[in-house]
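# Remarks on the overall topology
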2 protein chains.
Amino acid sequence: MTRKVVGILGGMGPEATILLQKRLLQIVDAQDDADHLPLLIDMNPQVPSRIAHLIEGTGPSPAPVLIEMANRLEQAGATALAMPCNTAHHYLPEIVDHLTVPFLDMIALSVARVAQSAETGARIGFLASPAVQIGGVFDKALKQHGLTPAWPEQMDLLLSAIRDIKANGPTDRAAKILSDAASELEGKGAAQLIVACSEFSLTTSSLSASIPVIDTVDVLARAVRDHMIVS
Amino acid sequence: MTRKVVGILGGMGPEATILLQKRLLQIVDAQDDADHLPLLIDMNPQVPSRIAHLIEGTGPSPAPVLIEMANRLEQAGATALAMPCNTAHHYLPEIVDHLTVPFLDMIALSVARVAQSAETGARIGFLASPAVQIGGVFDKALKQHGLTPAWPEQMDLLLSAIRDIKANGPTDRAAKILSDAASELEGKGAAQLIVACSEFSLTTSSLSASIPVIDTVDVLARAVRDHMIVS
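Residue numbers restart at each chain and count upward from 1, following the sequence in its written direction. A letter from A marks each chain and a number from 1 marks each ligand, given out in the order of writing. Residues qualify for local features only when their pLDDT is at least 70, as the model is predicted, and side-chain atom pairs are given and counted only at 80 or more; totals for whole chains, interfaces and linings, by contrast, use all residues. Here the side-chain values reflect all heavy atoms present in the structure, with hydrogen atoms and water set aside.

## What about the pairing of strand β2 (residues 39–43) of chain A?
This is how the line gets drawn: Think of it in three bands: with a 1.4 Å probe and only protein chains considered, a residue is buried below 20% of the maximum accessible area for its type, exposed above 50%, and partly exposed in between. For helices the rule is a DSSP run of H or I covering at least 4 residues; for strands it is a run of E covering at least 2, with both sets numbered from the N terminus onward. Crossover handedness is defined by viewing with both strands directed away from the observer: a clockwise path from the first strand over the helix to the second marks the crossover as right-handed. By definition, two strands form a pair when at least two bridges between them are found by DSSP.
Of all the five residues making up β2(A), five are buried; the element is thus mostly covered by neighbouring parts of the structure. Since strand β1 (residues 6–10) of chain A and β2(A) lie parallel, the crossover through helix α1 (residues 14–26) of chain A that links them has a hand, and here it is right-handed. Across five bridges, β2(A) lies against strand β2 (residues 39–43) of chain B in antiparallel orientation. The partner of Leu39(A) across the bridge, within β2(B), is Met43(B).

## Here we look at the pairing of strand β6 (residues 192–195) of chain B
Residue and element names in this part refer to chain B. Of the two faces of β6, both are covered, the one formed by Gln 192 and Ile 194 as well as the one formed by Leu 193 and Val 195. In terms of strand pairing, strand β4 (residues 123–127) meets β6 through four bridges, oriented parallel. Each bridged residue has a counterpart across the sheet, and for Gly 125 the counterpart in β6 is Leu 193. The pairing of β6 with strand β7 (residues 213–215) spans three bridges and is parallel. Residue Ile 194 lies in a different strand from β7, and its bridge partner there is Ile 214.

## What to know about the domain arrangement of chain A
By a widely used convention, the size of an interface equals the accessible area lost when the partners come together. Residue and element names in this part refer to chain A. To keep it simple, the criterion reads: Residue ranges labeled as domains rest on an automatic or database domain assignment. Any pair of residues with heavy atoms lying within 4.5 Å of one another is described as a contacting pair. As used here, buried area is the combined drop in accessible area, with a 1.4 Å probe, of two parts when they are placed together. Salt bridges, as used here, are contacts in which a Lys or Arg side-chain nitrogen is within 4 Å of a carboxyl oxygen on Asp or Glu. In this classification, the charged set is Asp, Glu, Lys and Arg, the nonpolar set is Ala, Val, Leu, Ile, Met, Phe, Trp, Tyr, Cys and Pro, and all remaining amino acids, among them Gly, are polar.
As far as domains go, chain A holds domain 1 (6–105 + 218–229) and domain 2 (106–215). One C-alpha centre belongs to domain 1, the other to domain 2; they are set 20 Å apart. Taken together, the contacts link 25 residues of domain 1 with 26 residues of domain 2. With both chains or domains summed, domain 1 and domain 2 bury close to 2100 Å², and 61% of this area falls on carbon and sulfur atoms. A per-residue breakdown of the area domain 1 buries against domain 2 is headed by Asn 86, Asp 105 and Val 219, which together make up 32% of the total. Linking domain 1 to domain 2 there are two salt bridges. For Glu 56, the salt bridge goes to Arg 163, with nearest N and O atoms at 2.8 Å. For the side of domain 1 that touches domain 2, the elements supplying multiple residues, two or more each, are α1, α2 (50–56) and α11 (216–229). The class makeup of the residues in the side of domain 1 that touches domain 2 is 13 nonpolar, five polar and seven charged.

## Let's talk about the sheet that holds strand β3 (residues 80–82) of chain A
Quick note on the threshold: Working convention: axes come from line fits to C-alpha atoms, limited for helices to the stretch in contact. Angles between N-to-C directions cover 0 to 180 degrees.
Taken in spatial order, the six strands of this open sheet run β3(A)-β1(A)-β2(A)-β2(B)-β1(B)-β3(B), and their pairing is mixed. Sheet topology places β3 of chain A together with β3 (80–82) of chain B at the edges, where each strand pairs with a single neighbour. For this sheet, the mean inter-axis angle between neighbouring strands, taken without regard to orientation, is 20°. As judged from the three bridges shared by β1(A) and β3(A), these two strands associate in the parallel manner. For Gly7(A), the partnering residue across the bridge sits in β3(A) and is Leu81(A). Helix α1 (residues 14–26) of chain B contacts β2 of chain A together with β1 (6–10) and β2 of chain B of the sheet and is inclined by roughly 165° relative to β2(B).

## A short note on the relation of the copies chain A and chain B
Heads up, the rule is: The atoms used to superpose the copies are C-alpha atoms, taken from residues with pLDDT of at least 70 in both, and the fit is least squares.
Rotating chain A by 180° and translating it 0.0 Å along the rotation axis places it on chain B, where the RMSD comes to 0.0 Å. The superposition of one copy onto the other is thereby described by a two-fold rotation axis. Taking C-alpha positions as the reference, the residue of chain A nearest the rotation axis is Ile41(A), at 2.4 Å. Most of the interface of chain A is mirrored in chain B: 100% of its interface residues are interface residues there too.

## Some remarks on the interface of chain A and chain B
Put simply, the rule is: Between N or O atoms, a polar contact is any pair within 3.5 Å; within protein, one atom must be a potential hydrogen donor and the other a potential acceptor, and residues adjacent in sequence are included only when both atoms are from side chains.
The interface of chain A with chain B comprises 31 residues on the first partner and 31 residues on the second. Together chain A and chain B conceal approximately 2700 Å² of surface at their shared face, both sides included; 49% is due to carbon and sulfur atoms. At the junction of chain A and chain B, the tally comes to three salt bridges. Asp33(A) is paired through a salt bridge with Arg50(B); the nearest N and O atoms lie 3.1 Å apart. Where chain A meets chain B, there are 15 residue pairs in polar contact (both at pLDDT 80 or more). Every element with two or more residues in the side of chain A that touches chain B is listed here: α1, β2 and α8 (155–168) of chain A. Broken down by element, the residue count for the side of chain A that touches chain B peaks at six residues, all from α1(A). Here the side of chain A that touches chain B is composed, by residue class, of 15 nonpolar, seven polar and nine charged.

## Things to note about the nonpolar core
As a reminder, the rule being used: Only buried residues count toward a nonpolar core, which is a set of Ala, Val, Leu, Ile, Met, Phe, Trp, Tyr and Cys residues joined through side-chain atoms within 4.5 Å.
Membership of the largest hydrophobic core comes to 84 residues, with the highest contact counts inside it found for Leu127(A), Phe200(A), Leu127(B) and Phe200(B). Not counting residues within four places of it along the chain, the set of residues in contact with Phe200(A) comprises Leu127(A), Ala128(A), Leu158(A), Ala161(A), Ile162(A), Ile165(A), Leu178(A) and Val195(A).

## Here we look at helix α5 (residues 106–115) of chain B
All names here are of chain B. Condition: In this context, the arc is that of the directions from the helix axis out to the C-beta atoms.
Those residues of α5 that sit buried are Met 106, Ile 107, Ser 110, Val 111, Val 114 and Ala 115. Down the axis of α5, the buried set is contained in an arc of 165°. They therefore lie on one face. Buried residues in α5 make contact with β4, α7 (139–144), β6, β7 and α11 (216–229). Between the side-chain oxygen of the N-cap and the backbone nitrogen of Ile 107 there are 2.9 Å, and the N-cap of α5 in question is Asp 105.

## Describing the packing of α8(A) against helix α9 (residues 172–187) of chain A
All names here are of chain A. For clarity, the cut-off: If an angle is under 35 degrees, it is roughly parallel; if it is over 145, roughly antiparallel; if it lies from 65 to 115, roughly perpendicular; otherwise it is oblique. Crossing handedness: left-handed means the near helix sits turned counterclockwise from the far one by under a right angle, and right-handed means the same turn made clockwise.
Two elements in contact, α8 and α9, have axes separated by 9 Å at closest approach and are oriented at 150°. With respect to each other, α8 and α9 are oriented roughly antiparallel. Read as a crossing pair, α8 and α9 show a hand that is left-handed. Each of Leu 157, Leu 158, Ser 160, Ala 161, Asp 164 and Ile 165 in α8 lies in contact with α9, whose residues at this interface are Arg 173, Ala 174, Ile 177 and Ala 181. Grouping the amino acids of the contact of α8 with α9 by side-chain chemistry returns seven nonpolar, one polar and two charged.

## What about the pattern of salt bridges?
Within this structure, the stated rule accounts for 22 salt bridges over all chains. Each of Asp33(A), Arg50(B), Lys166(B) and Glu199(B) takes part in one network of salt bridges that share partners.

## A closer look at the sheet that holds β6(B)
Residue and element names in this part refer to chain B. Strand order in the open sheet made by the four strands is β5-β4-β6-β7, with parallel pairing throughout. Each end of this open sheet is capped by a strand with a single partner; those strands are β5 (148–150) and β7. Averaged over all pairs of adjacent strands, the angle between strand axes in this sheet comes to 30°, irrespective of strand direction. Across three bridges, β4 lies against β5 in parallel orientation. Looking at the pairing, Arg 123 lines up with Thr 148 of β5.

As structure tokens, this is what we get:
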């Protein structure tokens, strides 16, 4: 039996990659080191900026670097790949063309999870980067499940919160922006919220909402675990 | 110029590997992702137990697995290697025989750091696993600098604290054991303390001592940074 190990395309940002590791530790019932699950992590904060490429149109596509990372992880023995960055999933179709191992698609998995308890036509609110919106990262998966996205009006505020967290870690200011956006989306009739920015995942402990909140990093952590334990 | 990236032999335990990543983030002045430093991490919690091999004499040597991890990281492009586990440094001489890139030796670096401000013959207190003591992990480096180790009497208590942290994360009980051991070592005339177990590094925020306390994980984080930024 081949040992299963998930390769992580990481560093976008480094805090988000650490968060995935921590969430994975939390969902494994371990009494000693050996009970935990192996990972091969390419922590590469130098992946070209997704924000610069998708929003500002000023930088190169990150796709070539992401393909290189994926190939290197596969060569090093990864039996599946994962990427704890929602925005980077915009480039997933280009990446998977170059792979023979499965990619644990955080976007498809998260929408499938939401769809389990959402009616057809339901509005799903997004707490995410404008790059996720502009890049249409969730559009295809939502359409497949007959779901409609709802976005906060002031996406520039969400971007400033992401920049704040990347520079200073989770701040009160960022938590407030996130919380206000959640209230706005509830007011717009969202049936559920998806936290689709791993910087925001760092602050969700302070987020309160009366509708279900799904964190894409949690969905990914479970998929990583299930690749190694269940399958 | 070749891109510098440090390869991490990790997973011993996973929390300690995460801690090194966090400490590295803290000592880099970053405004955005790209300011942070890249790592290649082999998170392998299935490395044979150092405690079973060195203390209990019941398990295989971890050396062959560590050599395999080191070679794989070098092949994947690592320009230096590091290992955030003090006990595993017992096997370092076997590992470096198989490498062409430098290994950032956490033990040698930590003792050199302590020696900067310790007089010849000074006693250095250790908060560590009995495996570190039995394996003589620090002996050579201490001797080179003319320093003498001091150990707590009840090393079995320290081992139980390590097992506690590996199973449950930092606990009050573990913090108390560590704090009592620190007081005992001060009483025995230690000039400085070395926290030489990465599980203990998780609890040092609650440790108070009137003598300098050096954490080996901090020393390693700085060496990792310096490999990529200074050299």
